[in-house]
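# Residue-level structure breakdown
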Amino acid sequence: MPADYASILADIAERVKQRDFQTARNADYIPALAAVPGDRFAMVIRDVNGAEYSTGDADIPFSIQSVSKVFALVLALRSCGEELWQAVRREPSGSAFNSLILLEQEEGIPRNPFINAGAIRVCDMISSRFANPDRSVAEFLGRLSSNPDIRADNDVYLSEDQHGNRNRAIAYLMKSFEKLDNPVEAVVRTYFKQCAIAMSAREMARATLFLANQGIGIDGNMVLSPAETRRINALMLTCGMYDGVGDFAFSVGIPAKSGVGGAIIGVIPGEFSVCVWSPRLDARGNSAAGIAALEMLIEAIGRSVF
């Protein structure tokens, strides 16, 4: 019997309200994110048959931040093919998402595309292949979500740009190893622009559906081949939740990607995509209420990808 997702989401929203996430905090190193009300909560499921279920602030736009890395990676894979994997590896880092230590040790080759170094390298590859790289990921997400008005939030972008010197340091370190093809400032601008994209949880769940549907998007068009889709899901499962990926796989057990704006996207292949958003983050930079909500979801439906 199919799960009653509407009732499940309503129950999750009520249980999340009763939980104490006061020790969790908004990302404060990006001032525009610190200003978002910490009690926001949204959760949206989109199944492969086109049904959609939501609860909470499902239509309020937020800064997607590192969730954008999944879609930038897909865009780069579509344009670069297997060449991409010579520039970026596919292993969990075990370090903070903005660490320079492994990058120095591994001579400028990022450990995976979801840490900042890997995402910056992916932006570099996009910059070499698109006439307007600053807008490429937003336009791609617009097509995937069927909302052509998807844009970067300029206030968030300016905040990223003004407080982004660590990301510049990462880019300059890669440049010193000759692992960046384009000018550093142009690449980090593209990176900041993609992180500043504003979308709602509903739009994110729709954009993510192709990862649950063998590469086919909500418009019925193929975004990736089924084999490439499995690879992206594998990377999300092993690298998508910063250095909390092991605990997340243990407690939730689905491919997922988080961002410091408070969003987490996830999929159960063949069934549905999900986006949950709540801005307060745990010590690892993942949404505290978001992880709790996904744990409740998996408990309610009684299965994961395992």
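Residues numbered from 1 in each chain as written. Predicted model: local features only at pLDDT ≥ 70, side-chain atom pairs only at ≥ 80, totals over all residues. Heavy atoms only, no water.

Glancing now at the overall build of the protein. For the protein, the count of helices and strands is 14 helices and 8 strands. Here the protein has a C-alpha radius of gyration of 18 Å; the compact-globule value for 306 residues is 19 Å, and the two agree. Considering only C-alpha atoms, the protein reaches an extent of 55 × 40 × 35 Å along its principal axes. Burial statistics for the protein: of 306 residues in total, 57% are counted as buried. Pairs at least 24 apart in sequence give 69% of the contacts found in the protein among residues at least 6 apart. Surface accessibility of the protein: about 12,600 Å² in total, with carbon and sulfur atoms responsible for 47%. (Helix = DSSP H or I, 4+ residues; strand = E, 2+ residues; numbered from the N terminus. Rg over C-alpha atoms; globule rule 2.2 N^0.38 Å. Buried < 20%, exposed > 50% of the residue type's maximum accessible area, 1.4 Å probe, protein only. Contact = heavy atoms within 4.5 Å. Areas by Shrake-Rupley, 256 points an atom, 1.4 Å probe, with all protein chains shown as cover.)

Attention now goes to the UniProt feature "binding site: substrate" (unreviewed entry) in the protein. Sites flagged by UniProt as "binding site: substrate" (unreviewed entry) map to Ser66, Asn116, Glu160, Asn167, Tyr191, Tyr242 and Val260. Those annotated residues lining the largest cavity are, specifically, Asn116. Looking at where Tyr191 falls in the secondary structure, it is placed in helix α10 (residues 184-195). Of the residues examined, Tyr191 reaches a relative accessible area of 2% and is grouped as buried. Among all residues touching Tyr191, those that are not within four sequence positions of it are Lys69, Asn116, Ala119, Ile120, Cys123 and Asn167. Turning to its location among the elements, Tyr242 is positioned in the loop between α12 (226-239) and α13 (245-251). Engagement of the side chain of Tyr242 in a polar contact is seen with the side chain of Ser66, the distance being 3.3 Å. (UniProt positions renumbered as here; feature names shortened; annotations may be inferred. 1 Å grid on protein atoms, 1.4 Å probe; cavity = no way out; pocket = protein on both sides within 12 Å on 5 of 7 lines; lining within 4 Å. Polar contact = N/O pair within 3.5 Å; in protein donor to acceptor, adjacent residues only side chain to side chain.)

On to empty space enclosed by the protein. The full count for this structure, using the stated rule, is 1 cavity of 30 Å³ or more. Among the secondary structure elements, those contributing two or more residues to the lining of the largest cavity are α5 (101-105) and α6 (116-127). (Points joined across faces, edges and corners; volume = space filled by probe spheres on them.)

For the pair α6 and helix α9 (residues 165-176), interaxial distance at closest approach is 10 Å and the crossing angle is 65 degrees. Between α6 and α9, the crossing angle belongs to the class labelled roughly perpendicular. Judged by the sense of rotation from one axis to the other, the crossing of α6 with α9 is right-handed. Touching Asn116, Ala117, Ile120 and Arg121 of α6 are Asn167, Ile170, Ala171 and Met174, all from α9. By residue class, the composition of the contact of α6 with α9 is 5 nonpolar, 2 polar and 1 charged. (Axes fitted to C-alpha atoms, helices over the stretch in contact; angles between N-to-C directions. Parallel < 35°, antiparallel > 145°, perpendicular 65-115°, else oblique. Left-handed = near helix turned anticlockwise from the far one by under 90°. Nonpolar A, V, L, I, M, F, W, Y, C, P; charged D, E, K, R; others polar.)

Bringing the nonpolar core into the picture now. Grouped together as the largest cluster of nonpolar side chains are 49 residues, with contacts concentrated most on Phe71, Leu84, Leu141, Met204 and Ile232. When residues in this core are grouped by element, the largest group, 9 residues, is from helix α3 (residues 68-80). Setting aside chain neighbours within four positions, we find Leu141 in contact with Ile64, Phe71, Ile150, Ile197, Met199, Met204 and Ala207. (Core = buried A, V, L, I, M, F, W, Y, C linked by side-chain atoms within 4.5 Å.)

Here we take up the sheet that holds strand β5 (residues 197-199). Pairing in this open sheet of 3 strands is antiparallel, and the strands run β3-β5-β4 from one edge to the other. Where the open sheet ends on each side, the last strands, each with one partner, are β3 (62-63) and β4 (151-152). Across the sheet, helix α7 (residues 133-145) lies against β4 and β5, angled at about 15 degrees from β5, the strand it touches most. Sheet strands in contact with helix α11 (residues 201-208) are β3 and β5, and its direction is about 100 degrees off that of β5. (Pairing = 2+ DSSP bridges.)

Turning next to unusual backbone geometry. One non-glycine residue, Gln65, lies in positive phi territory at about 50 degrees. Owing to a relative accessible area of 3%, Gln65 belongs among the buried residues under this scheme. Although it is not a glycine, Gln214 sits at a positive phi angle of roughly 55 degrees. With respect to the secondary-structure elements, Gln214 resides in the loop between α11 and α12.

Applying the stated criterion across every chain, the model contains 5 aromatic pairs. The interplanar angle of 50 degrees and the centroid separation of 5.4 Å between the aromatic rings of Tyr5 and Tyr53 together place this pair among those described as tilted. Taken as a pair, Tyr5 in helix α1 (residues 5-18) and Tyr53 in strand β2 (residues 52-56) lie far apart in primary sequence, 48 residues in all. Tyr5 sits in the buried class, given a relative accessible area of 8%. (Phe/Tyr/Trp six-rings, centres within 6.5 Å; stacked < 30°, edge-to-face > 60°.)

Read across the open sheet, the 5 strands follow the order β2-β1-β8-β7-β6; overall the sheet is antiparallel. Each having just a single partner strand, β2 and β6 (256-258) make up the two edges of the open sheet. On average, each strand axis in the sheet is tilted by 10 degrees relative to the strand beside it, whichever way the strands run. Along the sheet, α11 contacts β1 (42-47), β2, β7 (263-268) and β8 (272-277); its crossing angle with β1, the most-contacted strand, is approximately 30 degrees.

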